[in-house]
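Next come the chains, spelled out residue by residue.
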Amino acid sequence: MHKRTTSARVLAVAGLLGLSFAGGALAQTYPARPVNLVVPFPAGGTTDVLARALGQELAKSLGQPVVVENKPGAGSTLGADYVAKAAPDGYTLLMGAVHHTIATSVYKSLHYDFQKDFAPVTTVALVPNVLVVNPKLPAQDVKSLLKLAQAAPGKLTYGSNGMGTGQHLIGAQFEKEGHVQLLHVPYKGSGPLTTDLLGGQIDMSFDTVTPVLAHIQSGKLRALAVTTNQRSAALPDVPTMEEAGLKPFNMGTWFGVLAPAATPKDVVQRLNAEMVKIIHSPDFSRRMAEIGAVPIGDTPAEMKARIGADTENYAKLVKDAKVAIN
């Protein structure tokens, strides 16, 4: 009996050592093939733009192609679910966003836990959201927009990247603070949303600055206010919501990279080191400024803390806004 127990212990230790060596070997040879970076929205939106900008540079530093794969749907949760269930080997990554911390409270039947099923790598950038309207709408500022909305409850429309996304919740918060009722129109992403906003099919949106910046600069869309507590460097003449007359209003959007939870720590650390180097480079910072983004490049621990804090904070906002999806 003693010999059998000893043998079992030896085998168990050998197995653990084998896993340790295997993990170390994986980290040393990583990456040996192309890396997939999953974007849970269609092409053209901020998540997609950031993923492609980062992926292009990451491919150079890793020495392997980085393939951006769009998997839109269900307010960004379909793409997240796909990555959560992928092999934890560093070859399938998620370009996540604040939307995922909100979805935790909005969707009652998610098949993954955003805080437990992912290993944070780094926050790539923060991007302010901006209230924009189609110029056909006779609103030159937030106050005149609120008057129009109050005169026609439930008639004015705003688009979002889907139920439970940051844009949706910002719209709900705007309704609450402005004492108005708007009609929410969910899309799969910023691309189709912006197309309809330009065409006048919807009246306004609270999207991130990136997909609408060029249209604001050309006059095709009118910016009324940013939703952060400071003005955007890309739109210095556009007031904050507080400056426009609403209560303190600080809701922006962060974007970052995550891997499946069991991904070896050495692989996560390698990815973090390469990405942070890229994010803090002058060329990438310049590119971020052009699209209205603020580069971050933090540690996995700092990103984990960000996710935890936002999940808690947005849970209350979701409850107050009575946003829920079964």
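In this report, the structure presented in the accompanying data block is examined. (Residues numbered from 1 in each chain as written. Predicted model: local features only at pLDDT ≥ 70, side-chain atom pairs only at ≥ 80, totals over all residues. Heavy atoms only, no water.)

Here we come to the overall build of the protein chain. Looking only at helices and strands, the protein chain features 11 helices and 11 strands. On C-alpha atoms alone, the protein chain measures out to a radius of gyration of 22 Å, which is about the 20 Å that the 2.2 N^0.38 rule sets for 326 residues. For the protein chain, the spread of C-alpha atoms along the three principal axes comes to 85 × 45 × 30 Å. Relative to its 326 residues, the protein chain shows a buried fraction of 53%. Intrachain contacts of the protein chain at a sequence separation of at least 6 include 77% that bridge at least 24 residues. Of the accessible surface of the protein chain, which amounts to about 14,700 Å², a share of 56% is contributed by carbon and sulfur atoms. Of the charged side chains in the protein chain, 30 are positive and 25 negative, and the gap between their average positions amounts to 6 Å. (Helix = DSSP H or I, 4+ residues; strand = E, 2+ residues; numbered from the N terminus. Rg over C-alpha atoms; globule rule 2.2 N^0.38 Å. Buried < 20%, exposed > 50% of the residue type's maximum accessible area, 1.4 Å probe, protein only. Contact = heavy atoms within 4.5 Å. Areas by Shrake-Rupley, 256 points an atom, 1.4 Å probe, with all protein chains shown as cover. Lys, Arg positive; Asp, Glu negative; His and termini not counted. Charge placed at Lys NZ, Arg CZ, Asp CG, Glu CD.)

One finds Leu54, Met95, Val130, Val257 and Met275 to be the most contacted residues of the largest nonpolar core, which totals 51 residues. The element contributing the most residues to this core is helix α2 (residues 46–62), with seven residues. Among the nonpolar cores identified, the runner-up in size contains 45 residues, and Leu94, Phe174, Phe206 and Trp254 belong to it. (Core = buried A, V, L, I, M, F, W, Y, C linked by side-chain atoms within 4.5 Å.)

Considering the arrangement of structural elements, one finds Lys71 in the loop between β2 (66–70) and α3 (77–84). Of the residues examined, Lys71 reaches a relative accessible area of 23% and is grouped as partly exposed. Through-space distance from the C-alpha of Lys71 to that of Lys304 is 23 Å; in sequence the pair is 233 residues apart. Among the polar contacts made by the side chain of Lys71, one reaches the side chain of Glu69 at a distance of 3.4 Å. (Polar contact = N/O pair within 3.5 Å; in protein donor to acceptor, adjacent residues only side chain to side chain.)

Another aspect to go through is the environment of Asp81. One can find Asp81 in helix α3. In this structure, Asp81 is in contact with His111 and Tyr112, ignoring residues within four places of it in sequence.

Okay, the sheet that holds strand β9 (residues 222–226) next. Read from one edge to the other, the open sheet built from five strands follows the order β7-β6-β8-β5-β9, with strand pairing classed as mixed. The open sheet has two edge strands, β7 (183–186) and β9, and neither has a second partner. (Pairing = 2+ DSSP bridges.)

Here we take up unusual backbone geometry. For the bond from Tyr30 to Pro31, the omega torsion is -5 degrees, close enough to zero to count as cis. With respect to the helices and strands, Pro31 occurs in the loop between α1 (2–29) and β1 (35–39). The backbone phi angle of Ser76 is positive, close to 85 degrees, even though this residue is not glycine. Here Ser76 lies in the loop between β2 and α3. Classification of Ser76 as buried rests on a relative accessible area of 1%. With a phi angle near 55 degrees, His179 is a residue other than glycine that sits in the positive phi range. If you trace the backbone, His179 turns up in the loop between α6 (166–178) and β7.

Next up on the list: the sheet that holds β2. Reading across the sheet, the six strands line up as β2-β1-β3-β10-β4-β11 and stay open at both edges, with mixed pairing between neighbours. Two strands in the sheet have a free side with no partner beyond their single neighbour: β2 and β11 (294–295). As defined by bridge partners, strand β4 (residues 118–127) adjoins β11 across two bridges and the pair is classed as antiparallel. Bridging from a neighbouring strand, Leu126 pairs with Val294 of β11.

Let's shift gears to the pattern of salt bridges. All chains considered together, the criterion is met by 13 salt bridges. Among the ionic pairs, Lys85 bridges to Asp81, the shortest N-O distance being 2.5 Å. The shortest N-O distance in the salt bridge between Asp320 and Lys176 comes to 4.0 Å. Residue Asp320 is found in helix α11 (residues 300–321), and its partner Lys176 is found in helix α6; the two are separated by 144 residues along the sequence. Through salt bridges with shared partners, a single ionic network connects Lys176, Lys316 and Asp320. (Salt bridge = Lys/Arg side-chain N within 4 Å of Asp/Glu carboxyl O.)

Interpretation in functional terms is not warranted from these geometric data alone.
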